[in-house]
Amino acid sequence: QVHVVESGGGLVQAGGSLRLSCAASGSIGSIPTMGWYRQAPGKQRELVASISSAGAIMYGDSVKGRFTISRDNTKKMVLLQMNNLKPEDTAVYYCRCNYGGYVYWGQGTQVTVSS
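Remember, predicted model here, so these are calculated numbers, not experimental data.

Looking at the packing of aromatic side chains
Centre-to-centre distance and the angle between the planes together describe a pair of aromatic rings. Under the defined criterion, the tally for this structure stands at 3 aromatic pairs. Ring geometry for Tyr94 versus Trp105: centroids 6.5 Å apart, planes at 90°, classification edge-to-face. Taken together, the residues span a long stretch of sequence, with Tyr94 in strand β9 (residues 91–99) and Trp105 in strand β10 (residues 102–105) at a distance of 11 residues. The interplanar angle of 45° and the centroid separation of 6.4 Å between the aromatic rings of Tyr102 and Tyr104 together place this pair among those described as tilted. The exposure class of Tyr104 is buried, given its relative accessible area of 18%. Cluster of aromatic residues (ring-pair linked, three or more members): Tyr37, Tyr94 and Trp105. Over the ring of Tyr94 we find Arg45; its NZ or CZ atom is 3.7 Å from the centre of that ring.

About the criteria used
- Residues numbered from 1 in each chain as written.
- Predicted model: local features only at pLDDT ≥ 70, side-chain atom pairs only at ≥ 80, totals over all residues.
- Heavy atoms only, no water.
- Phe/Tyr/Trp six-rings, centres within 6.5 Å; stacked < 30°, edge-to-face > 60°.
- Helix = DSSP H or I, 4+ residues; strand = E, 2+ residues; numbered from the N terminus.
- Buried < 20%, exposed > 50% of the residue type's maximum accessible area, 1.4 Å probe, protein only.
- Lys NZ or Arg CZ within 6 Å of the ring centre and 35° of its normal.

Honestly, that's just the spatial picture; any functional story needs more than this.
Here it is as structure tokens:
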């Protein structure tokens, strides 16, 4: 069993920054692919950023140049640095871990950007 826990959400003004953290724990024997997704009210869940076990990184188009994903392999943790936040970034942010053919999700953390 794999557990995924996010932290770091909150309320910030437009133009501000936040950093989200996600830690995966449990029966993990190698480096998993991990990523961040978000879901705003009335919208589908969308990719924010992901980093594969080999270190390949992908970003959603709306966050390119503003968000940066990184990982600490020893701690099986990924970080999402979010800069120049916009009101449209407001959403619940979920961490996703792909390991052993299964997908594990965290409980989500709220990010609210005020204008």
